[in-house]
Amino acid sequence: MKKFAKMSLVAAVAVAGLTTTSSAKALEDAIKNVDVSGTVVYRYDDTNYDYQKSKNANNRADDASKNKYKIALTAKAKVNEDVTAVTRFIIGSNNDAGFASLDTTNQGDSQVDVTLSQVYFSYTGLKNTTINFGKQGLTTPWTVAIDADGNEQTGTGILALTNVGPVTLAAAYFNQTNLGKSGDVLTKLNSTTTVGGVTTTNDDFGDKDIYTFGAMGNIGPVALDAWYLDMEDVLDTYTIGALAKFNVGDVKLSIGARHTDVDLDNSSADNTLTKVELGAKFGIFGANINYGWTDEEGGIGALDNSAKTNLDGWNLTLNNKRDADFLMLSVDAQVLPSLNVALKYNRLDQDKHGTMTEDLTDEEYYIQTSYQMSKNFGGYIRFGQTEIDRNGHGDDNDGTVGRLQVQYSF
């Protein structure tokens, strides 16, 4: 821990200028004002589909396996009573702050680079208000600002949060983001898009200005939120959501719903994604039923599949699936204080449209065993089957999928 504190202090000094030659602190005093947190994650994914990129001599799929690594370290250094300097370093992917992935079937071991993902100042000098300015996570319902085991969306700008009674108001402006390389929608749109006579490529999405506004509050046991976001010459979108948690006898219930509308500036199609979620916990047993659907014109609901405006499974997702319905079922048992066993089933139905010649149904079902050795160390093992209806070869694409993940938090 002491080594982490020293490293974060050096980084904070270099990036944020916490000390100067005319006003320097003793090293031990400066370390006292540095709060360090982070995660270390190792993941092993193994898949064997009927059709996948790696083929053997008989043109059938070889087993594909990947070692994945991500280390994230966040250092918060108190500059003065009102200002805190925040830096976040990622050992992982240089493009999207996600995993560094090494394919064991055709790639040897290699080193992983360290990158600076976030560096910003947080000002709390105004009552009930926090203002962050600099390079920071995109804290919106459509994006993922911080993720221990996935990619992250970042941008440079200013974010303000203020509490007005029971309501929290948010407003942000970013003049640069990594959305051209991180996320699951803009990186997959047409390679070139023409808006107002100007041709834009995927890499150019990162220089588009973003404005977003949000309001969050509680009415009794119900948490409500509403957000609007505009990305210059690309899209504008809004989302509204509600989540209620309450007890009925010995049963703990949670009920949630969210509707998201995304309007692409270069398309007349209406993109909507709506979902409802129900969870129950009784003793050692738990169950969840999630259901979502998209518009027949378009199904974009989130900029990243892991964002709260989407319904995301393991290998199946509802986001960017036109005229689709997605059902997710899960039951689990906390068999020991440190051991949880869950059974999960996901089904994605897409109605025939465009060049599709028939309705499609994709399914996945798997067992997951999670073990929490201590508060800061644990992991899980997954094993199951994914069945893809009519892939690019015109055939069903079935696959056996497995995963091992271990995570340490500090």
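Relevant structure appears above.
Let us look at the structure shown here. (Residues numbered from 1 in each chain as written. Predicted model: local features only at pLDDT ≥ 70, side-chain atom pairs only at ≥ 80, totals over all residues. Heavy atoms only, no water.)

1. Some words on the overall build of the protein
In terms of helices and strands, the protein carries two helices and 21 strands. Taken across its 410 residues, the protein has 42% of its residues classed as buried. In the protein, of all internal contacts separated by at least 6 residues, the share reaching a separation of at least 24 is 52%. With an accessible surface of roughly 20,900 Å², the protein has 54% of that area assigned to carbon and sulfur atoms. (Helix = DSSP H or I, 4+ residues; strand = E, 2+ residues; numbered from the N terminus. Buried < 20%, exposed > 50% of the residue type's maximum accessible area, 1.4 Å probe, protein only. Contact = heavy atoms within 4.5 Å. Areas by Shrake-Rupley, 256 points an atom, 1.4 Å probe, with all protein chains shown as cover.)

2. What about the environment of Ala64?
Its place among the elements puts Ala64 in strand β2 (residues 64-78). In this structure, the C-alpha to C-alpha distance between Ala64 and Asn106, residues 42 residues apart in sequence, is 9.3 Å. Filtering out sequence-adjacent residues up to four positions away, Ala64 remains in contact with Asp45, Asp46, Thr47, Gln52 and Thr105.

3. Quick word on the nonpolar core
Residues Leu179, Leu186, Met231 and Leu235 are the most contacted members of the largest nonpolar core, which totals 20 residues. Sorting the residues of this core by element identifies β8 (167-177), β12 (222-231) and β14 (251-264) as the ones contributing at least two each. Apart from residues lying up to four places away in sequence, Leu179 is in contact with Leu138, Thr143, Gln153, Leu186, Thr187, Ile210, Met231 and Leu303. (Core = buried A, V, L, I, M, F, W, Y, C linked by side-chain atoms within 4.5 Å.)

4. What about the environment of Asp149?
Along the chain, Asp149 falls in the loop between β6 (129-137) and β7 (154-164). Counting along the chain gives 106 residues from Asp149 to Arg43, while the straight-line C-alpha distance between them is 8.5 Å. In this structure the side chain of Asp149 is engaged in a polar contact, spanning 3.3 Å, whose partner is the side chain of Arg43. (Polar contact = N/O pair within 3.5 Å; in protein donor to acceptor, adjacent residues only side chain to side chain.)

5. Re the side chain of Thr260
Along the chain, the position of Thr260 falls in strand β14. For Thr260, a relative accessible area of 0% puts it in the buried group. Engagement of the side chain of Thr260 in a polar contact is seen with the side chain of Thr239, the distance being 2.9 Å. Residues contacting Thr260, with those up to four places away along its chain left out, are Trp142, Thr237, Tyr238, Thr239, Asn271, Thr272, Leu273, Gly301 and Thr309.

6. Concerning the side chain of Thr39
Among the structural elements, Thr39 can be located in strand β1 (residues 34-49). What Thr39 contacts, discounting residues up to four positions off in sequence, is Lys70, Ile71, Ala72, Ala148, Gln407, Tyr408, Ser409 and Phe410.

7. As for the pattern of salt bridges
As enumerated under the stated definition, the model contains nine salt bridges in all. Here Lys70 and Glu152 are joined by a salt bridge, their closest N and O atoms 2.9 Å apart. One end of the pair, Lys70, is in strand β2; the other, Glu152, is in the loop between β6 and β7, and 82 residues separate them in sequence. Judged by relative accessible area, which is 1%, Lys70 ranks as buried. The closest approach of N and O atoms between Lys275 and Glu277, which form a salt bridge, is 3.9 Å. Judged by its relative accessible area of 7%, Lys275 falls in the buried class. Residues participating in the shared-partner salt-bridge network are Asp45, Lys68 and Arg403. (Salt bridge = Lys/Arg side-chain N within 4 Å of Asp/Glu carboxyl O.)

8. Things to note about the packing of aromatic side chains
Inspection of the entire model under this criterion finds six aromatic pairs. Between Tyr42 and Tyr69, the aromatic rings sit 5.5 Å apart at their centres with planes inclined by 45°, giving tilted as the arrangement. In this pair, Tyr42 sits in strand β1 while Tyr69 sits in strand β2, placing the two residues 27 residues apart along the sequence. A relative accessible area of 30% means that Tyr69 is categorised as partly exposed. Measuring from ring centre to ring centre gives 4.8 Å for Trp314 and Tyr366, while their planes differ by 70°; the resulting arrangement is edge-to-face. (Phe/Tyr/Trp six-rings, centres within 6.5 Å; stacked < 30°, edge-to-face > 60°.)

9. Comments concerning the pairing of β8
Here is the key point about a regular strand: its side chains alternate between the two faces of the sheet. The pairing of β7 with β8 spans 10 bridges and is classified as antiparallel. Residue pairing in the sheet places Leu159 in a bridge with Ala172 of β8. What sits between β7 and β8 in their antiparallel hairpin is a turn of two residues, with Gly165 showing a positive phi close to 65°. Sheet topology note: the β8/strand β11 (residues 210-219) ladder contains eight bridges and is antiparallel. When the sheet's bridge partners are listed, Ala172 is paired in β11 with Thr212. (Pairing = 2+ DSSP bridges.)

10. Some thoughts on unusual backbone geometry
For Asn128, which is not glycine, the phi dihedral falls at a positive 60°. Note that Asn128 resides in the loop between β5 (114-123) and β6. Within the chain, Asn320 stands out as a residue other than glycine whose phi angle is a positive 65°. Within the element layout of this structure, Asn320 appears in the loop between β16 (285-294) and β17 (324-336).

11. Let's talk about the pairing of β11
Relative to β12, β11 is paired through 10 bridges, and the arrangement is antiparallel. Paired with Ile210 across the strands is Met231, a residue of β12. Linking two consecutive strands that pair antiparallel, namely β11 and β12, is a turn of two residues; a positive phi of about 60° is found at Gly220 within it.

12. Thoughts on a nonpolar patch on the surface
Together, Phe246, Val248, Ile255, Leu278, Ile289 and Leu329 line one region of the surface with nonpolar side chains, adding up to about 470 Å² of accessible area. You can call Leu329 partly exposed: its relative accessible area is 33%. (Patch = residues over 30% accessible without salt bridge, like charges linked within 9 Å, V, L, I, M, F, W, Y side chains within 5 Å.)

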